[in-house]
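# Notes for the structure review
Read off the chains here:
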Amino acid sequence: MKLKKFFAVMSLGTILALAYIQLQVQIFDLAYQGKFKEKLITKLMDDNGDVQSNICLLQSSNHLGLRLLVENSPMQFLSQDRVVKLTTTQSFDNFHPVSTRTVQVAEKKTNFLVSIFSVKSQAEAVPIR
Amino acid sequence: MNNQKRHLRFSLVFLSCIFGLVIFAVKLVFIQVFNAAYLAKLAEKQHNYFIELEPRRGGIYDRKLRPLALNVAAYSLYAKPRAMTVQAKKKAIKEIDRLLDLGEDFLKKRLDKDKYFVWIVRKLTSADVATIKALKIDGLDFVKESRRYYPNQSLGAHVIGFAGMDNRGLEGVELIYDHYLKGEFGWSQIIRDARHRELLIEKGFIPPKNGFDFILTIDETIQFIAERALEEGFRQHHAIGASLIIMDPKTGEILALANRPTYDLSHFSEGNQDSRRNRAIVDMYEPGSVFKIVTAAAALEDGKVKESDKFFCENGEYKVGGHILHDHSKHGTLTFKEVIEQSSNIGTTKVAQLLGPVTVYKYAKLFRFGMPTGINLIGEVNGVLRHPSQWSKTSIAAIPIGHEVTVTAIQLLGAISAIANDGVYMQPFVVKYIKDQEGELIKEFKPQAISRVISGETARRLKEILAGVVENGTGKLSKIPNVRVAGKTGTAQKVLGGQYSHNKFYASFIGFAPVEDPQIAMVVIFDEPHPSYYGGTVAAPVFKRVAEDVLKYLAASK
């Protein structure tokens, strides 16, 4: 009887210890994975920075100006007296009311079965600042 | 006998085991009790790792939030010479030199050092980093840093300034506001495994405080227009230097500030000291005829002279205090308005003689000559304006026409803007507001009226006289179709070795447009233009070209 009790206690102790070890292993595994993903994100952010800086360079006044307004270029700043302002008719405005135009956003479709069996929330793209 | 022998053997084995166990126990006690603190510290040192977190240096933007300076990631290459084999060093020298052209001697010197860490090259482009990584040379590695990036290269270089290798501001706004731009470092304590691999387990974390963003009063497009025209004039007239500043006369906001020679902000080390100098605020020069606006303003404000009053201009030669004063062309009798329009030195001197030294000095001070304008840029100089007690007998024929006095381009701009702004002097400034990374406003620089220099009525009359300079006088080349321009030309001999040079001049033009509702005030100065050297032929056309485009741009932006 005593031996039986001893084995039971030992088994319980062993199971708890194994569970603890398993949890620790998982934590460290997640930490490695996290580090790997962090590296990936850093690389993507660096690439994003490079792309952004290239965009800034291409759209800078210096770049555009040198491209568009090269010496002897016929391009010049538009004088106000050359601008023709058009006024639209009331009926056109009523037909195409700019202020009431709305962008139709497609509703999210969720799969009922997936939502039951999944504990995760749906992935959403969040802009990185 | 056999039994006794077996017993002895058993006892020996047993005792050996016990002895072994005792040794283990002693060692354990030694580790756990006596050596515990030391070993725990050692383990902590091995597993815990502090990382300094670099803050993001604040960006610099133009008035329409177009980026002028921002940060991008950069990788710096370092070597571990002690860990490198001879073959690896040879390969590194050959390949890195081929890629980056650093020089084999330089690389050899670096890699021959008996050190664990030496920098090879800082802040490389991502393309270079990828190529070097592909070479797989043992002992070479990268450290992530950030690099300051200026998308407009040399545009606005003297206002923006630049940050050095360690992201510390060294010139311009980057230097003056470095404290706010740089932010504060943070730190993170993470765990490393036995192989020194970092794990994403943080034991402590203080986030870095990013620097504030600066929004300037500069408009990138206007800056481009100004730089383009200045560059053209600079080349065309073979000048050794040039400055151009544009200001909104109603607010004091500097819309553009350009100097020649200039430098590329992304390669600032290639520029020399001369090209980095912000001539518009640190260089003083004798202004010549543009200074006559002070004499004219004083005469009108004090009521000593009217536009129609006549002055005999002595047919080009006039003796004052033993010194003969000349006009660039001979004039007989001119009205006061014509004196300014034709820029007669003799006529202006006679006006000044009516006013007296104290009045001329008083108005020069009111226009803030001889003192800094207070623009938020580094290195502004006062200029020289002597007190009447220090004037010589000939000073009354020199100072009112812009000699024996030195000014800066920004001081001239402040003065002409005060006339454009109905007599109110506005403080020039280049920073519009400061905000944090979340867009929260930290500080706003509002337009600041310093003082009223002349009455609104005097300013209106003076505007008409200066419009006459452009319509009938020396500033005809600044005329813009369908826009009324007011301005004043200036041609001043340079002082070299205490003597006036006969072949080296400053050519300048100050003005504003449109006269009815001034949108911009501008100063254009060329240093030693040749062969043409008159303000009216060198600086006025640049004013016209810039003002014409800027006014169109401003109208289209509304």
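Residues numbered from 1 in each chain as written. Chains lettered and ligands numbered in written order. Predicted model: local features only at pLDDT ≥ 70, side-chain atom pairs only at ≥ 80, totals over all residues.

### Digging into the sheet that holds strand S9 (residues 241-247) of chain B
Residues and elements named next belong to chain B. Taking strand neighbours across the sheet as the criterion, the five strands line up as S10-S9-S21-S20-S19 in an open arrangement whose pairing is antiparallel. Here the strands that pair on one side only, and so sit at the sheet edges, are strand S10 (254-260) and strand S19 (486-496). Mean inter-strand twist for the sheet, computed between neighbouring axes without regard to direction, equals 10°. Here strand S20 (residues 499-513) pairs with strand S21 (residues 520-527) via eight bridges, running antiparallel. (Pairing = 2+ DSSP bridges. Helix = DSSP H or I, 4+ residues; strand = E, 2+ residues; numbered from the N terminus. Axes fitted to C-alpha atoms, helices over the stretch in contact; angles between N-to-C directions.)

### A few points about the interface of chain A and chain B
Listed by partner, the interface residues are 20 residues for chain A and 23 residues for chain B. Those elements giving two or more residues to the side of chain A that touches chain B turn out to be helix H1 (2-59) and helix H2 (61-68) of chain A. Element by element, the count of residues in the side of chain A that touches chain B is highest for H1(A), at twelve residues. Across the side of chain A that touches chain B, the residue classes break down as seven nonpolar, nine polar and four charged. (Contact = placed C-beta atoms within 7 Å. Nonpolar A, V, L, I, M, F, W, Y, C, P; charged D, E, K, R; others polar.)

### Quick word on the domain arrangement of chain B
Residues and elements named next belong to chain B. According to the domain assignment, chain B contains domain 1 (52-216) and domain 2 (220-263 + 278-557). Inter-centroid distance (C-alpha atoms) of domain 1 to domain 2 is 45 Å. For the side of domain 1 that touches domain 2, the secondary structure elements donating two or more residues are helix H6 (157-160), helix H7 (172-176) and strand S8 (213-216). Each residue belonging to the side of domain 1 that touches domain 2 can be placed in one class, and the counts come to eleven nonpolar, six polar and four charged. (Domains from an automatic or database assignment.)

### Considering the nonpolar core
Where a protein is soluble and globular, its nonpolar side chains tend to be buried together. All names here are of chain B. Leu216, Ile245, Ile416 and Met522 are the most contacted members of the largest nonpolar core, which has 153 residues in total. Residue assignment places this core across two domains, with domain 1 (52-216) and domain 2 (220-263 + 278-557) each supplying three or more. Aside from chain neighbours lying at most four places away, what touches leucine 216 is Ile60, Tyr61, Asp62, Arg63, Leu68, Val159, Val173, Val430, Val431 and Lys432. (Core = buried A, V, L, I, M, F, W, Y, C linked by C-beta atoms within 7 Å. Buried ≥ 20, exposed ≤ 12 C-beta atoms within 10 Å, placed from the backbone.)

### Let's talk about helix H15 (residues 357-366) of chain B
Residue pairs spaced three or four apart in an α-helix point in one direction, given the helix's 3.6 residues per turn. Residue and element names in this part refer to chain B. Among all positions in H15, only Val360, Tyr361, Tyr363, Ala364 and Leu366 are buried. Those residues of H15 hidden inside the fold are in contact with helix H12 (292-301) and helix H14 (345-355). Backbone geometry just downstream of H15 places arginine 368 in the positive-phi region, at approximately 65°.

### So, the pairing of S10(B)
Residues and elements named next belong to chain B. Buried residues dominate S10, accounting for seven of its seven residues. Summarising the sheet, S9 and S10 pair through six bridges and their orientation is antiparallel. Within S10, the position partnered with isoleucine 246 by the bridge is alanine 256. Linkage of S9 to S10, two consecutive antiparallel strands, is achieved through a turn of six residues, within which glycine 252 is found at a positive phi near 90°.

### As for the packing of H2(A) against helix H9 (residues 220-236) of chain B
The contact between H2(A) and H9(B) brings their axes to 9 Å, and the two run at 50°. Compared by their axis directions, H2(A) and H9(B) come out oblique. H2(A) and H9(B) meet at a crossing whose hand is right-handed. Residues Ser61(A), Asn62(A) and Gly65(A) of H2(A) form the contact with H9(B), whose participating residues are Glu220(B), Thr221(B), Phe224(B) and Arg228(B). Class assignment of the residues belonging to the contact of H2(A) with H9(B) gives a composition of one nonpolar, four polar and two charged. (Parallel < 35°, antiparallel > 145°, perpendicular 65-115°, else oblique. Left-handed = near helix turned anticlockwise from the far one by under 90°.)

### Concerning the sheet that holds strand S1 (residues 48-53) of chain B
Residues and elements named next belong to chain B. Overall, antiparallel pairing links the three strands, which are arranged S1-S6-S7 in an open sheet. The strands lining the two open edges of the sheet, one partner per strand, are S1 and strand S7 (198-206). In this sheet, adjacent strand axes meet at a mean angle of 30° when their direction is disregarded. Examined bridge by bridge, S1 and strand S6 (residues 186-192) share six bridges and lie antiparallel to one another. Residue pairing in the sheet places tyrosine 49 in a bridge with isoleucine 190 of S6.

### Details of the confidence of the model for chain B
In the predicted model, chain B carries a mean pLDDT of 92, and 100% of its residues have values of at least 70. Interface confidence for the predicted complex, expressed as ipTM, amounts to 0.72; the pTM equals 0.82. (pLDDT = per-residue confidence, 0-100.)

### What about the confidence of the model for chain A?
All names here are of chain A. For chain A, the mean per-residue pLDDT works out to 74, and 63% of the residues sit at or above 70. Of all helices and strands in chain A, the one with the weakest mean pLDDT is helix H4 (residues 112-117) (51), whereas H1 scores best (90). Long-range and interchain partners of residues 99-103, a stretch whose pLDDT sits below 50, account for zero contacts in this model, where long-range means more than four residues apart.

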